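Analysis of the macromolecular model
What follows is each chain in one-letter form.
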Amino acid sequence: MNRQYFDSPMTRRRFLTHTSAGLGMAAVASLCASKGGATEVRVPGALGSTHFTPRAKNVIYLFMAGGPSHVDLLDHKPTLTARHGQQMPASVLGSQRVTLLTRNQGHFQAAATPYRFARHGDSGQEMSDLLPHLSTCADDLCILRSIHSEPINHDPAVTFMQTGRGQPGLPCMGSWISYGLGSENQDLPAFIAMISGPMDQPIHSRYYHSGFLPGEHQGTYFQAAGDPVLYLSNPPGIDQNMRGNLIEGINDLNRLRLAHVHDPEIEARIHSFELAFRMQTSVPELLNIQGETQRTLNMYGPEVSAPGSFARNCLLARRLVERGVRFVQLFHRGWDQHGNIVNDLRRQTAATDQPAAALLKDLKNRGLLDDTLVIWGGEFGRTSFGQGNLAGPYGRDHHARCFSYWLAGGGVKKGLTYGATDDYGYNIAENPIHVNDLHATILHCLGIDHQRLTYRFGGRDFRLTDVAGNVVSAILA
């Protein structure tokens, strides 16, 4: 474009001629946005619409509480076998912190895995023989070997993984997603949590709490015994009609108070009471698995018949996302293997490998995996050196410096291994992924810009990724 163009006067005709294309594109963009087209999708949550096209609508988070050992499951390290029993090099150990459990034991001896690794699927994903069922899903998995965190003890580490920071009191990821996107099912909560596994560590309710977000966005805990949700059943002498009238009367009083003080927690309480009443019908139907085929039940394994088992919870997770529940989190305890990792790890994978694989296959068979992001991992990994005497039963200590996760389904590449650790599985060698990066990527799969999903509290804007986080574009489909 020459200088004469800028020097000549701008007439109305000329302005319309040279801007018509831009005006047309703006109109098209507006239409796409308003109809949930290529740029956004309308949602019932606080966002009103996603920031861009989502690849996933729902999330199932299989949280392995205690810290699964990456070097025994997903990150093969032949060097540990070659140097089993030898002192770990000082250059590898560096100056990073270790817990009091091994800090004073007098040695940091490399500990080989007793399990065999093999490559699986067309993608050649390398996995331990402790995962015979999951390995059949290798071509659907995106294995991340370079996750890293900061806390080295369980409570702050779980809090960090759930909320983006190690301090309690903040909303967890499920609550953020419930707040931003809302629920697709008005008869079930947007966020549901279930717990399974041995009673070795507490799973605090604040791990699935809404923090300072409105209370309606906290995770609803489904119990294994009795009423799945507290007070779901009517007490003696109260029928459904009476219960409905009671709730309506209470909410009339709540609405009067809300109009007077404008407290958002009162509005959340109104919604919670109304949802609880509807759940008296929706939850029993959800939990009744009699309509599932025997083939489906067999796929999840024999423990699917036991309420509260990981297998039953995986089946319920599929039924929940099938009904539009936005975020389902399954906590499975028992991965804190300090003393006898050989037997304890085998016990854990025996309980979780088949159900996790069945969940992926079940979602895929029903056409749900493309819209559902499945996440597997814990709060950290385990050390490459042994805890205790390697001549006897030994364990592995906590290790937040590097550990493995896998993702599958909506929004992530299939059959990909991303990131790498050093020869000892002790430090990240390439493509580090911080917890905040993982959270940013999960939100991105749901169509959310992690920097724009915020809530003002205490005089500042908060978000799940705190003041950090970058989307890991290399793993996105």
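Residue positions within a chain follow its written sequence, with the count starting from 1. In keeping with the predicted nature of the model, local features appear solely for residues at pLDDT of at least 70, side-chain atom pairs appear and are counted solely at 80 or more, and the whole-chain, interface and lining totals rest on all residues. Side-chain calculation: all heavy atoms of the structure are included, whereas hydrogens and water are not.

Quick look at the overall build of the protein chain
The helix and strand labels rest on DSSP assignments: H or I over at least four residues marks a helix, E over at least two residues marks a strand, and numbering proceeds from the N terminus. Scanning the protein chain for helices and strands turns up 14 helices and 17 strands. Put simply, the radius of gyration uses C-alpha atoms, and a globule should come to 2.2 Å times the residue count raised to 0.38. In terms of C-alpha radius of gyration, the protein chain reaches 25 Å, essentially the compact-globule figure of 23 Å for 477 residues. Taken over 477 residues, the protein chain has a buried fraction of 53%. By sequence separation, contacts in the protein chain at least 24 residues apart represent 76% of the contacts at least 6 residues apart. To measure how exposed things are, a 1.4 Å probe is used in the Shrake-Rupley method; for residues, cover is taken only from the protein chains shown. In the structure as shown, the protein chain presents an accessible area of about 21100 Å², 53% of it carried by carbon and sulfur atoms. Under the convention used here, Asp and Glu are negative, Lys and Arg are positive, and both His and the chain ends fall outside the count. In plain terms, the charge of a residue is placed at NZ if it is Lys, CZ if Arg, CG if Asp and CD if Glu. For the protein chain, the separation between the mean place of its 43 positive charges and that of its 42 negative charges on side chains is 5 Å. Each residue is placed in one exposure class: buried if its accessible area under a 1.4 Å probe, protein chains only, is under 20% of its type's maximum, exposed if it is over 50%, and partly exposed if it falls in between. We call two residues in contact when some of their heavy atoms are within 4.5 Å.

Here we look at the packing of helix α12 (residues 310-322) against helix α13 (residues 341-365)
Two quantities define a packed helix pair, namely the angle between the axes and the distance from one axis to the other. Where helices are involved, their axes are fitted lines through C-alpha atoms of the stretch in contact, as for all axes, and angles between N-to-C directions lie from 0 to 180°. Contact geometry for α12 and α13: axes closest at 8 Å, N-to-C directions at 20 degrees. Relative to α13, the element α12 lies roughly parallel. Considering only the axes of α12 and α13, their crossing is right-handed. Taken together, the residues of α13 that come into contact with α12 (itself represented by F310, A311, C314, L315, R318 and V321) are A351, T352, P355, A356, L359, D362 and L363. Of the residues that constitute the contact of α12 with α13, the class distribution is 10 nonpolar, 1 polar and 2 charged. Oblique is the label for every angle not falling under 35 degrees (roughly parallel), over 145 degrees (roughly antiparallel), or within 65 to 115 degrees (roughly perpendicular). Take the far helix as your reference; a near helix turned counterclockwise from it by less than a right angle gives a left-handed crossing, and one turned clockwise gives a right-handed crossing. Three classes are used, and their members are as follows: Ala, Val, Leu, Ile, Met, Phe, Trp, Tyr, Cys and Pro are nonpolar, Asp, Glu, Lys and Arg are charged, and the others, Gly among them, are polar.

Points about helix α8 (residues 173-181)
Counting buried positions along α8 yields 9 of 9 residues, so the element is predominantly enclosed. Looking only at α8, the buried set comprises M173, G174, S175, W176, I177, S178, Y179, G180 and L181.

Topic: the environment of H209
Summarising the element assignment, H209 is placed in the loop between β5 (191-196) and β6 (220-221). Here H209 falls in the partly exposed class, since its relative accessible area comes to 29%. Between the C-alpha atoms of H209 and W176, which are 33 residues apart in sequence, the distance is 10.0 Å. The residues touching H209, leaving out its near neighbours within four places in the chain, are L170, P171, C172, S175 and Q218. A polar atom in the side chain of H209 sits 2.9 Å from the backbone nitrogen of G211. Polar contact is defined as a pair of N or O atoms within 3.5 Å, subject to the rule that within protein one atom must be able to donate a hydrogen and the other to accept it, and that residues adjacent in sequence are counted only when both atoms are side-chain atoms.

Remarks on unusual backbone geometry
Phi angles above zero are rare outside glycine, and H262 is one such case at about 55 degrees. On the secondary structure map, H262 appears in the loop between α9 (240-261) and α10 (264-287). Looking at H262, the relative accessible area reads 63%, which means it is exposed. In this model, N431 sits at a positive phi of 55 degrees, which is unusual for a non-glycine residue. Mapped onto the elements, N431 comes out in the loop between β14 (428-430) and β15 (433-434). On the accessibility criterion, N431 (33% relative accessible area) is partly exposed.

Things to note about the confidence of the model for the protein chain
Residues of the protein chain with pLDDT of at least 70 account for 91%, and the chain-wide mean is 89. Between residues 1-10, whose pLDDT stays under 50, and residues either more than four places distant or in other chains, the model counts 7 contacts. On a scale of 0 to 100, pLDDT captures the predictor's confidence in every residue. Contacts for the low-pLDDT stretch residues 12-37, under 50 throughout, to residues beyond four places or in other chains number 15 contacts.

Regarding the layout of surface pockets
As defined here, a cavity is a set of points on a 1 Å grid over the protein atoms alone where a 1.4 Å probe fits but cannot get out. A pocket is an open set with protein on both sides within 12 Å along at least five of seven lines, and residues line them when an atom is within 4 Å of a point. Grid points are joined across faces, edges and corners, and a volume is the space filled by probe spheres set on the points. Its boundaries defined by the atoms lining it, the second largest pocket holds a volume of some 220 Å³. Along its surface, the second largest pocket is lined by 13 residues, and Q96, S149, E150, A400 and R401 are the ones closest to its centre. When the residues that make up the lining of the second largest pocket are grouped by side-chain class, the tally is 5 nonpolar, 5 polar and 3 charged.

Remarks on the packing of helix α7 (residues 154-163) against helix α14 (residues 435-445)
It is at 9 Å that the axes of α7 and α14 come closest, and there the two elements cross at 30 degrees. Taken as axis vectors, α7 and α14 run roughly parallel relative to one another. The segment α7 lies against α14, with F160, M161, Q162 and T163 engaging V435, L438 and H439.

Structural notes on the packing of aromatic side chains
Within 6.5 Å between ring centres, the rings of Phe, Tyr and Trp (the latter by its six-membered ring) count as paired, and their orientation is classed by plane angle as stacked under 30 degrees, edge-to-face over 60, tilted in between. Counted by the stated rule, this structure contains 18 aromatic pairs. Both rings, one in F63 and one in F331, keep their centres 5.7 Å apart while their planes meet at 65 degrees; by these two values the pair is edge-to-face. Residue F63 is located in strand β1 (residues 58-64), and its partner F331 is located in strand β7 (residues 327-332); the two are separated by 268 residues in the primary sequence. Given a relative accessible area of 0%, F63 falls into the buried group. Classification of F331 as buried rests on a relative accessible area of 0%. Arranged with centres 5.4 Å apart and planes meeting at 80 degrees, the rings of Y179 and Y455 form a pair that is edge-to-face. Of this pair, Y179 sits in helix α8 while Y455 sits in strand β16 (residues 455-457); the two residues are 276 residues apart in sequence, bridging distant segments of the chain. For the pair Y179 and Y455, one class covers both residues: buried.

Notes on the pattern of salt bridges
For salt bridges, the criterion is a side-chain nitrogen of Lys or Arg within 4 Å of an Asp or Glu carboxyl oxygen. Evaluation of the coordinates by the stated rule reveals 20 salt bridges. For R396, the salt bridge identified is with D72, shortest N-O distance 2.8 Å. Of the two residues, R396 is situated in the loop between β9 (381-382) and β10 (398-399) and D72 in helix α3 (residues 70-73); the sequence distance between them amounts to 324 residues. R396 gets classed as buried once you look at its relative accessible area, which sits at 0%. Accessibility expressed as a relative area gives 1% for D72, which makes it buried. Here the salt bridges share partners, and the residues they tie into one network are E285, E292, R318, R319, E322, R323, D362 and R366.

Observations regarding the side chain of D437
Note that D437 resides in helix α14. Buried charge without a salt bridge: D437, with R463 as the nearest opposite-charge side chain at an N-O distance of 8.8 Å. Dropping the residues within four chain positions of it, D437 is found in contact with P432, G469, N470 and V472.

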